[in-house]
Amino acid sequence: MVECATVTQQDEIIIVFTHVPHMACAETIAQTLVNAKLAACVNISSPVTSVYRWQGQVEQAQEIGLTIKTSRKVYPALATKLKALHPYELPEIVAIHVNEGLPEYLQWMMAETGPKE
């Protein structure tokens, strides 16, 4: 059986989600966030079809999803950078908290987010 660690409040891990219009944008954002140590890892998904209401109209668009693994300590800087890089007028930037996980993985995520050495 695999042991799971409970994350302490000060070391809290979060996963941030966003969607962008094309793969080149997704790759640029992912590389920028990881290189700046604002994310330990960014998963780039296959194209998805998004249906949403925008400015009173129902819209449909092909988008690329990003799943950004990071720590709460760098979230403010990550959100600022993501908003600056994102091409949408109102980008989706939402986060969920990770309460449990493989201890070694959570430690790796914490080590990979923060000030560049």
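Quick summary incoming for the structure in this document. The shown structure was predicted, so the numbers you read here are calculated from the model rather than taken from an experiment. (Residues numbered from 1 in each chain as written. Predicted model: local features only at pLDDT ≥ 70, side-chain atom pairs only at ≥ 80, totals over all residues. Heavy atoms only, no water.)

1. Here's the deal with the pairing of strand 4 (residues 57-71)
Bridge count for strand 2 (residues 13-20) against strand 4 is eight bridges, and the pairing is antiparallel. By the bridge assignment, Ile15 is partnered in strand 4 with Lys69. Note: strand 3 (residues 41-54) against strand 4, twelve bridges, orientation antiparallel. Directly across from Asn43, in strand 4, lies its bridge partner Thr67. Connecting strand 3 to the next strand, strand 4, in antiparallel fashion are two residues, including Gln55 with a positive phi near 50°. (Pairing = 2+ DSSP bridges. Helix = DSSP H or I, 4+ residues; strand = E, 2+ residues; numbered from the N terminus.)

2. A short note on the side chain of Glu12
Mapped onto the elements, Glu12 comes out in the loop between strand 1 (5-6) and strand 2. Here the side chain of Glu12 touches His97 through a polar contact of 2.2 Å, side chain to side chain. (Polar contact = N/O pair within 3.5 Å; in protein donor to acceptor, adjacent residues only side chain to side chain.)

3. Remarks on the pattern of salt bridges
Per the counting criterion, the structure on display carries one salt bridge. In this structure, Arg72 engages Glu12 in a salt bridge whose closest nitrogen and oxygen atoms are separated by 3.2 Å. Of the two residues, Arg72 is situated in the loop between strand 4 and helix 2 (75-85) and Glu12 in the loop between strand 1 and strand 2; the sequence distance between them amounts to 60 residues. The exposure class assigned to Arg72 is partly exposed, which follows from its relative accessible area of 37%. (Salt bridge = Lys/Arg side-chain N within 4 Å of Asp/Glu carboxyl O. Buried < 20%, exposed > 50% of the residue type's maximum accessible area, 1.4 Å probe, protein only.)

4. Focus: the environment of Ile64
You can see Ile64 is positioned in strand 4. Residue classification places Ile64 among the buried residues on the basis of a relative accessible area of 5%. As for Ile64 and Glu27, which are separated by 37 residues in sequence, their C-alpha atoms are 9.9 Å apart. Filtering out sequence-adjacent residues up to four positions away, Ile64 remains in contact with Thr18, His19, Val20, His22, Met23, Ala26, Ile44, Ser45, Ser46 and Pro47. (Contact = heavy atoms within 4.5 Å.)

5. Focus on the layout of surface pockets
The volume enclosed by the largest pocket comes to roughly 250 Å³. His19, Ser50, Tyr52, Trp54, Ala61, Glu63, Tyr88, Glu89, Leu90, Pro91 and Glu92 are the residues that line the largest pocket. Only strand 3 and strand 4 provide two or more residues apiece to the lining of the largest pocket. It is strand 3 that provides the largest number of residues to the lining of the largest pocket, a total of three residues. Of the residues contributing to the lining of the largest pocket, the split by class is six nonpolar, two polar and three charged. (1 Å grid on protein atoms, 1.4 Å probe; cavity = no way out; pocket = protein on both sides within 12 Å on 5 of 7 lines; lining within 4 Å. Points joined across faces, edges and corners; volume = space filled by probe spheres on them. Nonpolar A, V, L, I, M, F, W, Y, C, P; charged D, E, K, R; others polar.)

So, to be careful, I would describe these as geometric facts and stop short of saying anything about function.
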